[in-house]
Amino acid sequence: MKKRLFPVLLALVMLSAFFTPAVTAAAEEVPEEPDDLCFLILDNQLTRMNYGDSDTRTEIAVGDTVNVLYNGAVPADVYVDGEAVFRFIPEESDLYCFTVHETGEVEVKVCQEETVVLSRKLTVIRSAEMYRKCLKDIFHIIEIGDLRDLPGEIAEGAQQGFPVGNPFLIPATMVMLLVNVCIILFSFTRIIR
């Protein structure tokens, strides 16, 4: 009897240790955070794609589109250069878009009553300058040093569940890179003068 009692007690202690944190966490009341969602999506009119760094980017070009996405429980107003231009309705996901037509500074703010939810100052440059910057960025990626890192980047992707065993992976990556180069290279036809 003593030999059977020890494993049973040990199992009970292990089960109570396993379930105690879950029970105490469920008992604690965690205040709900608001489900407000507000961010900018910046569209590059040269490439017809979003800027990859829309959340931190501060420089856009003439002709680019600024999209303000908002979903919140409280109504919010969009201000462009201090002027109210749009009001978001609460509990509905909505998008406000505007195109930048001249160089200079543009300030975008989203305010819920007295609270500023989002504030970003964007510098607007000429479209031809942005074309040169995009070309410089894409050719920087193609440099030999970056292509040597390609197998390492693919191996890093394998750690995140990317299928590495595919023999077409490196050629497909190279084709996608070439397509991006062509898109940027031939986007000179969309430069706004």
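Residues numbered from 1 in each chain as written. Predicted model: local features only at pLDDT ≥ 70, side-chain atom pairs only at ≥ 80, totals over all residues. Heavy atoms only, no water.

Student: Describe the overall build of the protein, listing the residues and the values that go with them.
Tutor: Each helix and strand counted, the protein has five helices and nine strands in total. The linear arrangement of helices and strands in the protein, starting from the amino end, is α-β-β-β-β-β-β-β-β-β-α-α-α-α. For the protein, the residues scored as buried account for 29% of the 193 residues in total. Restricting the contact set of the protein to residue pairs at least 6 apart, pairs at least 24 apart contribute 61%. Taken as a whole, the protein presents about 13500 Å² of accessible surface, with 61% of it coming from carbon and sulfur. (Helix = DSSP H or I, 4+ residues; strand = E, 2+ residues; numbered from the N terminus. Buried < 20%, exposed > 50% of the residue type's maximum accessible area, 1.4 Å probe, protein only. Contact = heavy atoms within 4.5 Å. Areas by Shrake-Rupley, 256 points an atom, 1.4 Å probe, with all protein chains shown as cover.)

Student: Break down the sheet that holds strand 7 (residues 94–99) for me, with residues and values.
Tutor: Taken in spatial order, the four strands line up as 2-1-4-7 in an open sheet, and their pairing is antiparallel. Two strands close off the open sheet at either side, each with one partner strand: strand 2 (49–50) and strand 7. As paired elements, strand 1 (residues 37–44) and strand 4 (residues 65–71) share seven bridges and run antiparallel to each other. Paired with isoleucine 41 across the two strands is asparagine 67, which belongs to strand 4. (Pairing = 2+ DSSP bridges.)

Student: Can you explain the pattern of salt bridges? Please cite residues and give values.
Tutor: Applying the stated criterion across every chain yields a total of five salt bridges. Note that arginine 87 is salt-bridged to aspartate 77, the shortest N-O span being 2.8 Å. Remark: aspartate 77 occurs in strand 5 (residues 76–80) and arginine 87 occurs in strand 6 (residues 83–88); sequence separation between them is 10 residues. Judged by relative accessible area, aspartate 77 falls into the buried class, the value being 16%. Salt-bridge contacts for glutamate 107 lead to lysine 109; the nearest nitrogen and oxygen are separated by 3.9 Å. Looking at glutamate 107, the relative accessible area reads 24%, which means it is partly exposed. You can call lysine 109 partly exposed: its relative accessible area is 29%. (Salt bridge = Lys/Arg side-chain N within 4 Å of Asp/Glu carboxyl O.)

Student: Give me the lowdown on the sheet that holds strand 3 (residues 59–61), citing residues and values where you can.
Tutor: Note on sheets: strands pair through backbone hydrogen bonds, and any given pair is parallel or antiparallel. Overall, mixed pairing links the five strands, which are arranged 3-9-8-5-6 in an open sheet. Taken across any chain shown, the strands that pair with only one partner, and hence form the sheet edges, are strand 3 and strand 6. Geometrically, the sheet is characterised by an average inter-axis angle of 30° between neighbouring strands, direction not taken into account. As judged from the nine bridges shared by strand 8 (residues 104–112) and strand 9 (residues 115–125), these two strands associate in the antiparallel manner. What sits directly across from glutamine 112, in strand 9, is threonine 115. (Axes fitted to C-alpha atoms, helices over the stretch in contact; angles between N-to-C directions.)

Student: Quick rundown of a nonpolar patch on the surface? Include the residues and the values.
Tutor: Taken together, Phe139, Leu185, Phe186 and Phe188 make up a surface patch of nonpolar side chains, about 380 Å² in accessible area. Note on placement: phenylalanine 188 falls in the segment after helix 5 (169–185). Its relative accessible area of 42% is what places phenylalanine 188 among the partly exposed residues. (Patch = residues over 30% accessible without salt bridge, like charges linked within 9 Å, V, L, I, M, F, W, Y side chains within 5 Å.)

Student: Run through the packing of aromatic side chains, naming residues and quoting values.
Tutor: Per the counting criterion, the structure on display carries four aromatic pairs. Through successive ring pairs, a cluster of aromatic residues spans Tyr70, Phe86, Phe88, Tyr96 and Phe98. Here the guanidinium or amino end of arginine 57 rests over the ring plane of tyrosine 51, the centre of that ring lying 4.0 Å away. (Phe/Tyr/Trp six-rings, centres within 6.5 Å; stacked < 30°, edge-to-face > 60°. Lys NZ or Arg CZ within 6 Å of the ring centre and 35° of its normal.)

Student: Which residues make up the side chain of aspartate 77, and what are the values?
Tutor: For aspartate 77, the side chain forms a polar contact with the side chain of arginine 87, separated by 2.8 Å. If we skip the residues at most four places from it in the chain, aspartate 77 touches Phe86, Arg87, Lys109, Val110 and Cys111. (Polar contact = N/O pair within 3.5 Å; in protein donor to acceptor, adjacent residues only side chain to side chain.)

By themselves, these are just geometric observations and shouldn't be taken as functional.
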